Each structure stands twice: as C-alpha cells, then as structure tokens.
Amino acid sequence: MPIQLYGLSGQGRGDISVIGNPIVDKIKRLGVALTPEVMDFLSIALAVTAADTFVRRDDAADGWSRQISIQLPLHEPDRWTALVVTLQKAFHFLSGDRWEFQFSNGGFPPPIPYKRRDRFQLIKMRGLDCVSLFSGGLDSAIGVIDLLHEGRKPLLVSHAYTGDSTHQDMLVRQLSGRYSRFAVNAHPVSANGETDITMRTRSSNFIAFAAVASVAVKAVNQVECVDLFVPENGFISLNAPLTTRRIGSLSTRTTHPYFLGLVQEIFDTVGIPCLIKNPYQFMTKGEMVLGCKDQQLLKQIIGNTVSCSHWKRPNQQCGYCVPCSIRRAALHAGGNSDDGYQFDDLQRVLSETDKRDDVMALCVAIAQKETRKIGPWILDSGPLPTENFSSYENVFTRGLDEVNSFFKAAGIQ
C-alpha cells in the first residue's frame, strides 16, 4: 500500500493515500530549522498513523490485531535502527498490532523555515519556556490555566481535526498570559475512501508535534531541555479495564506511564531535548478541578471544553460515555455545573440498550472495587513503575469513588 508523506501530489494518480500535507507549512512558520532526529520521529509517527488509518482491522485474521510492516525512508536511518524494538513495543502498546520497521535513506529533511521578511505569519517563539499539549479537553485546559498562573510561558500544541479547532480557538481566546500556539493536523486521506475507525495510534502524532515544538522552543530560547507537559488525570491515564471484557477499552493509551516512558527513552537515545511530565498523574479529574489555580476562569471555560468520545458525529457531548461520565463526576466533585449533553439524565440511558454499556461498566467496576485486588487490576492495562505503585492504586480507587458519588447523586447505584 503506497503512502505519500508531506504532500498531495500522489492523489492525482488515485492509488496513493496521503498524510501530513498541512504539516510542512506549519513547521516552517515556527521560524527555526528542526533537527534531523525530530523530523525523523515525526515521519515515523505519521507512517504509523497512516497504516493504522488505512489498514482495516476487519481484514485481520482475528478481526482486530493486524501484522503491519512499514518500509520508511528517513533522513538519518542509521540513528533509528537500534531503536526498532522500542518502537515496536511502544506502538504495539497503543494499538494492539504487531509492527515491523525497515528504514532506508532518502527521507524527508527538515524544511527550510520561513523568515519574517518572507511576509509569512510566524508563530511567536521568543520568551517561551515549555510546551503543553492542548486538546480542548477539560484536563488540558486546566493544565494551561495552572501553567500560566505559575508564570510559565508555554507553546500550546493542538492536534486539531474538523470541529476540534472551533472549541480550541474559543478556549485560547479566554486565556491570559504569555503563550503561543502550534496547531497542526496530520490530515490522512485514503486513496479508496476507506479508513479504519479505531485509529488507536493517531494520538501519537500529538506527541510528535509536541517534540517538534520542543526543539523549536529550545532553538529560539537557548534552553538545555524543554519541559513537555502532558496534562491528564491519573484515572484516565491508567486506562485500567472497567470489566474483564474491556481490556484497554478507553479511547487512548497515549498518556499511560508505560507509553510515555518508552517515548522518553526514545527521545533520550536520539537526542530530542524534552522532558515529558504529567503533573496530574496522581490526581483524579475532580481533584484537578478542585485544585485549578484560577477557579473563576475555569468556570468561564468549562462550557467550551470537550471530553466526549462520541461528540463529533452530533457535535454535542453525549453525557454517558466513559469520558463524559468521568467529566461529569469531576465537575460534580468540584461543585461546578455543566449542561448541554444529549443525555443529561443517566437513568434514561440505562433504559437504552444501545447506549447503557459504558455506564453499566462503570457500575460494575465500582461494585468490584471492594473485593478485587487493585494492583493486578491496574496492571491489566500495562506495566507500571514499582516506585510510587501505591499512588497509582490510590488514584484509581479515588477515581471510582468520584464516579460513584456522582452516580448516586444522579439516582444510579
């Protein structure tokens, strides 16, 4: 299956899928030359996303786990050959597929940046001191509010698809402090119009874009290493299966400590100068809400944040999926109101056989919390460091307690 990175010329033939067309222009607007290693990491992430998007799981022998071999030219392939096993581990963890990588010469080099004299609108980089993922969700919004309150000056990295950018733009306009924004879309386009709907690795592009941003911040501001913030509550980050049949069933594993650890290992090995940090790893979403350092601003922006895993189809948050339930529980814990869901009444959801699965799974998990061993439970989603292991256990149980409190208030449980 031929894929073209960073261009649309392949579409003219009708048999080549493409990805990354908008990215080169966005990178040039950073106004600095990237390093070859971060450009190669971006190419790897895009290639994986392309395969994940264009190779349908229905065609796999078991209808899920695919065997995918990627032949990819890189600018400096020798640097990456020794990291093939680590890359395989990382992307297998995200998608559940088996990955093979073959790297060769001839990859896309770092693009020549625009200069201000070229009359292009460049991203303001001077004075920035960190990078933060900015998805438009409640966690990322709290993360940015806290950074700005602390006097940090972040470059916000947005991975915006159609519909996402509107919410993100509204949020950005409400922030106050010194920051800039690097918003980019991988924009995969299938030659035959068919795509797989799971796309578990697509969020890895988010990390790759943040790595690009970190290199740019370092180059402009002459810092040794850039803090790369991944603001995600610890309950969602762990991605622990709510029931025995829902292994890794939440929307993403991109912020799981095991995956972030593998990515940090890759960055350290090839010399990408950023340090990945999740300051909320041991906090529930409700604790993030309660601890937000600008409560007045938080109340103003809540309505513009999106947590739902279903919202893109109706352009409205459903109110009953796992992310929505955790969001509503967090806002309940923080004494904040939120409305505009398709289903405000969760009791009504329980009567809908095609919609109640997520709520019932959370109810089952809450019921099992008192009898099930928490350590093995959270390890079902992936390895965790032995250091602070009890903190991982505690944030998971507190997360379930938070949802339980909301469910009781909603007349469930």
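You'll find the structure just up there.
So, here is what we can say about the structure in this document. Along each chain, numbering runs from 1 in the same order as the chain's sequence is written. Thresholds applied to this predicted model are a pLDDT of at least 70 for local features of residues and 80 or more for the giving and counting of side-chain atom pairs; totals over whole chains, interfaces and linings are not thresholded and use all residues. The side-chain quantities take in all heavy atoms of the structure and omit both hydrogens and water.

## A short note on the side chain of S95
Now for step 1: You can see S95 is positioned in helix 4 (residues 84–95).
Now for step 2: In this structure the side chain of S95 is engaged in a polar contact, spanning 3.0 Å, whose partner is the side chain of W99. Strands are runs of DSSP state E lasting at least two residues, helices are runs of H or I lasting at least four, and both sets are numbered from the N terminus onward. Under this definition, polar contacts are N or O atom pairs within 3.5 Å; protein pairs additionally need one hydrogen-donor-capable and one acceptor-capable atom, and for neighbouring residues in sequence, both atoms have to be side-chain atoms.

## Observations regarding the pairing of strand 5 (residues 130–133)
Now for step 1: The rule is simple: take the accessible area with a 1.4 Å probe, protein chains only, and divide by the maximum for that residue type; under 20% is buried, over 50% is exposed, in between is partly exposed. Judged by which residues are buried, strand 5 turns out to be covered on both faces: C130 and S132 on one side and V131 and L133 on the other are all buried.
Now for step 2: For the crossover that starts at strand 5, traverses helix 5 (residues 138–149) and ends in the parallel strand 6 (residues 154–159), the hand is right-handed.
Now for step 3: The pairing of strand 5 with strand 8 (residues 226–229) spans three bridges and is parallel. Residue pairing in the sheet places C130 in a bridge with D227 of strand 8. Call a crossover right-handed when, viewed with both strands pointing away from you, the route from the first strand across the helix to the second goes clockwise. When DSSP locates at least two bridges between a pair of strands, those strands are taken to pair.

## Examining the sheet that holds strand 6
Now for step 1: In space, the five strands of this open sheet follow the order 7-6-5-8-9, with parallel pairing throughout. The strands lining the two open edges of the sheet, one partner per strand, are strand 7 (180–184) and strand 9 (274–277). Going from strand to strand, the sheet's axes swing by 25° on average, the running direction of each strand aside.
Now for step 2: Here strand 5 runs beside strand 6; their pairing, made up of four bridges, is parallel. Comment: axis = line fitted to C-alpha atoms, over the contacting stretch for helices; angle = value between 0 and 180 degrees taken between N-to-C directions.

## Things to note about the packing of aromatic side chains
Now for step 1: Paired rings are identified among Phe, Tyr and Trp, the last through its six-membered ring, by centres lying within 6.5 Å, and are further divided according to the angle between planes into stacked (under 30 degrees), edge-to-face (over 60) and tilted (the rest). Enumeration according to the criterion identifies 13 aromatic pairs in this entry.
Now for step 2: Relative to Y258, the ring of F93 has its centre 5.1 Å away and its plane inclined at 70°; by these criteria the two rings are edge-to-face. Here F93 is found in helix 4, whereas its partner Y258 is found in helix 9 (residues 257–270), with 165 residues between them in sequence.
Now for step 3: Under the relative-accessibility criterion, F93 is labelled buried at 8%.
Now for step 4: Residue Y258 is classed as partly exposed on the basis of its relative accessible area, which comes to 25%.
Now for step 5: Ring-over charges, as used throughout, are those where CZ of Arg or NZ of Lys falls within 6 Å of the ring centre and within 35 degrees of the ring normal. Taking NZ or CZ as reference, R253 lies 4.7 Å from the ring centre of F93, over its face.

## Some thoughts on the layout of surface pockets
Now for step 1: Of the voids in this model, the second largest pocket is the one considered here, and its volume is about 360 Å³.
Now for step 2: Using protein atoms alone on a 1 Å grid, points that fit a 1.4 Å probe yet trap it form a cavity, whereas open point sets bounded by protein on both sides within 12 Å along at least five of seven lines form a pocket; residues with an atom within 4 Å of a point count as lining. Around the second largest pocket, the lining is made up of 19 residues, and of these I3, A47, I70, Q71 and L72 lie nearest the centre.
Now for step 3: Within the residue set of the lining of the second largest pocket, elements represented by two or more residues are strand 1 (3–5), helix 2 (36–54) and strand 3 (67–73).
Now for step 4: Considering every element that reaches the lining of the second largest pocket, the biggest residue donor is strand 3, with six residues. Grid points are joined across faces, edges and corners, and a volume is the space filled by probe spheres set on the points.

## Overview of empty space enclosed by the protein
Now for step 1: Here the structure, examined in full by the defined rule, presents one cavity of 30 Å³ or more.
Now for step 2: Taken as a whole, the largest cavity spans an internal volume of roughly 40 Å³.
Now for step 3: Every residue along the wall of the largest cavity is listed here: F41, A90, F91, S204, I207, F259, V263 and I266.
Now for step 4: Elements supplying a minimum of two residues to the lining of the largest cavity: helix 4, helix 7 (204–221) and helix 9.
Now for step 5: Per-element tally for the lining of the largest cavity: the top contributor is helix 9, with three residues.

## Observations regarding the pattern of salt bridges
Now for step 1: By definition, a salt bridge exists where a carboxyl oxygen of Asp or Glu is found within 4 Å of a side-chain nitrogen of Lys or Arg. In the structure shown here, the tally under the stated rule is 18 salt bridges.
Now for step 2: We note a salt bridge from D97 to R66, for which the minimum N-O separation is 2.7 Å. Residue D97 is found in the loop between helix 4 and strand 4 (98–104), and its partner R66 is found in the loop between helix 2 and strand 3; the two are separated by 31 residues along the sequence. Here the two residues D97 and R66 agree in accessibility, since each one is buried.
Now for step 3: One salt bridge in this structure joins D338 and R327, with 3.0 Å as the shortest N-O distance. A residue pair is termed long-range when its members are at least 10 positions apart, and D338 in the loop between helix 12 (322–333) and helix 13 (346–350) and R327 in helix 12 qualify at eleven residues.
Now for step 4: Through salt bridges that share partners, D52, R57, R66 and D97 make up one connected network.

## Notes on the environment of G335
Now for step 1: Counting through the fold element by element, G335 comes out in the loop between helix 12 and helix 13.
Now for step 2: Residues G335 and T371, spaced 36 residues apart in sequence, show a C-alpha to C-alpha distance of 30 Å.

## What to know about unusual backbone geometry
Now for step 1: One non-glycine residue with positive phi stands out, namely Y6, at about 70°.
Now for step 2: Looking at the element boundaries, Y6 is found in the loop between strand 1 and strand 2 (17–19).
Now for step 3: Of note, N388 is a non-glycine position whose phi angle comes to about 65°, a positive value.

## As for the packing of helix 14 (residues 357–368) against helix 16 (residues 389–409)
To describe two helices that pack against each other, one gives the angle between their axes and the distance between the axes.
Now for step 1: Put simply, helix 14 and helix 16 touch, their axes get as near as 10 Å, and they point 120° apart. For the crossing formed where helix 14 meets helix 16, the hand is left-handed. Residue-level contacts link V359, L362, C363, A365 and I366 of helix 14 to L400, V403, N404 and F407 of helix 16.
Now for step 2: The residue makeup of the contact of helix 14 with helix 16, split by class, is eight nonpolar, one polar and no charged. The hand of a helix crossing depends on one turn: near helix anticlockwise from the far one by less than a right angle means left-handed, and clockwise means right-handed. Whether two residues are in contact is decided by their heavy atoms, any of which lying within 4.5 Å being enough. Any residue outside Ala, Val, Leu, Ile, Met, Phe, Trp, Tyr, Cys, Pro, Asp, Glu, Lys and Arg is labelled polar, Gly included; the first ten of those are nonpolar and the last four are charged.

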